[in-house]
Amino acid sequence: MRGWWREISELVLPSACEGCGAPRTALCADCAGVLAGEGGGGGRVRPLPEPEGLPVVHAAVPYEGAVRALLIAHKERGALGLAGPLGGALAGVVEAAVGAVGGRDGAGGVRGPGRVGGAVEGRPLLLVPVPSSRRAVRARGHDPTRRVALAAAARLRRAGRPARVLPVLRQRRAVADQAGLGARSRRANLAGALEVVPGGARLLAAGRVVLVDDLMTTGATLAEAARALGVVHPPFTRGTSGRSPREGAQHEFEQRVAAVIASSPASFELNRNSPGTWIVAGGER
């Protein structure tokens with residue numbers, strides 16, 4: 001109720017930009033440009049230390065300044081009107097992540113035949129949001145990552161890319177609050193905490209899976225999410241022959257990928273200092 005009331009009130013009452021405080025608008029043109037990456041800075045990122053099992057991840061923008069303020073406003077203060085712009089940023093980075101590993105276009109190569117934006121033509125993009133705990137959803141009044149993922153999928157469909165959201169991950173046990181925990185403690189806190197819901201494996205087989213989250217810190221959450229998916233969804237797709245791996249059929253390796261809206265500035269710096277390396281990142285709760 002808190003979030004919906006705020007969204008309705010913003011339609012009739014003067015507001016200030018959630019990014020910079022500019023009057024009479026929830027999102028000014030300058031902050032919208034920063035979120036859209038008009039100043040550059042988006043790309044592949046990785047945290048340091050790098051958790052084992054972390055997927056290849058792209059981030060749209062560094063987590064600083066207006067971007068930080070916008071993400072906090074949407075997640076913690078119920079600024080639901082920001083879901084659209086945030087979803088637009090996520091949609092762009094989803095395409096970048098899938099395109100880079102699918103057709104090597106992100107590394108200067110050429111996309112393979114039958115590909116659209118790095119995905120096999122006809123296969124939808126399946127955006128799997130990192131789940132929030134039930135306690136966090138109740139406290140916030142909404143699930144921010146799922147809401148932004150829905151906006152991103154809608155943006156991709158309007159651009160002609162088949163896409164939908166699959167919220168198939170859930171917490172199988174309670175975890176401690178991540179705030180104040182270091183990288184090693186976060187990994188221990190989340191180890192084995194996520195699982196795929198019953199029936200999720202069948203849904204995941206229907207397209208190209210992309211893990212999505214709003215923010216990267218240590219990468220522990222996405223590493224655990226990738227582990228949980230891997231239990232039921234092996235990281236490859238079957239070739240056109242339809243034969244099984246044991247029958248010697250050719251396979252197209254499906255590199256596990258993830259996309260986040262923002263990542264720490266240091267993770268982008270590490271990317272720039274390590275050309276030619278598979279760069280990865282994670283999203284945190």
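Computed from a predicted structure; not experimentally measured. (Residues numbered from 1 in each chain as written. Predicted model: local features only at pLDDT ≥ 70, side-chain atom pairs only at ≥ 80, totals over all residues. Heavy atoms only, no water.)

Asks: Just checking my understanding: could you explain the pattern of salt bridges for this structure?
Replies: Two side chains bearing opposite charge may form a pair once their charged atoms approach each other closely. Within this structure, the stated rule accounts for seven salt bridges. Where Arg-77 meets Glu-18, a salt bridge forms, and the shortest distance between an N and an O atom there is 2.9 Å. One end of the pair, Arg-77, is in the loop between helix H3 (65-76) and helix H4 (83-102); the other, Glu-18, is in the loop between helix H1 (2-12) and helix H2 (29-35), with 59 residues separating them in the sequence. When its relative accessible area of 40% is taken as the criterion, Arg-77 is described as partly exposed. Here Arg-161 ties to Glu-95 by a salt bridge, and the two come within 2.6 Å at their closest N and O atoms. Linking Arg-161 in the loop between helix H6 (144-158) and strand S6 (163-165) with Glu-95 in helix H4, this pair joins segments that are 66 residues apart in sequence. Judged by its relative accessible area of 27%, Arg-161 is partly exposed. For Glu-95, a relative accessible area of 25% translates into the label partly exposed. (Salt bridge = Lys/Arg side-chain N within 4 Å of Asp/Glu carboxyl O. Helix = DSSP H or I, 4+ residues; strand = E, 2+ residues; numbered from the N terminus. Buried < 20%, exposed > 50% of the residue type's maximum accessible area, 1.4 Å probe, protein only.)

Asks: Honestly, the pairing of strand S9 (residues 208-215) in this entry has me stumped. Any pointers?
Replies: The side chains of a regular strand alternate, residue by residue, between the two faces of the sheet. Across the eight residues that make up S9, a large majority, eight, are buried. As judged from the five bridges shared by strand S5 (residues 125-129) and S9, these two strands associate in the parallel manner. By the bridge assignment for S9, Val-128 is matched with Leu-211. Relative to strand S12 (residues 257-263), S9 runs parallel, the two sharing five bridges. Of the residues in S12, the one forming a bridge with Leu-215 is Ala-262. (Pairing = 2+ DSSP bridges.)

Asks: Can you walk me through the nonpolar core in this structure?
Replies: Proteins that are soluble and globular tend to have nonpolar side chains buried together. Within the largest apolar cluster, 38 residues are counted, with the highest numbers of intra-cluster contacts made by Leu-90, Val-94, Leu-127, Val-210 and Ile-261. Looking at this core, the element that brings in the most residues is H4, giving eight residues. Among the nonpolar cores identified, the runner-up in size contains 25 residues, and Leu-54, Val-128, Leu-211 and Phe-268 belong to it. (Core = buried A, V, L, I, M, F, W, Y, C linked by side-chain atoms within 4.5 Å.)

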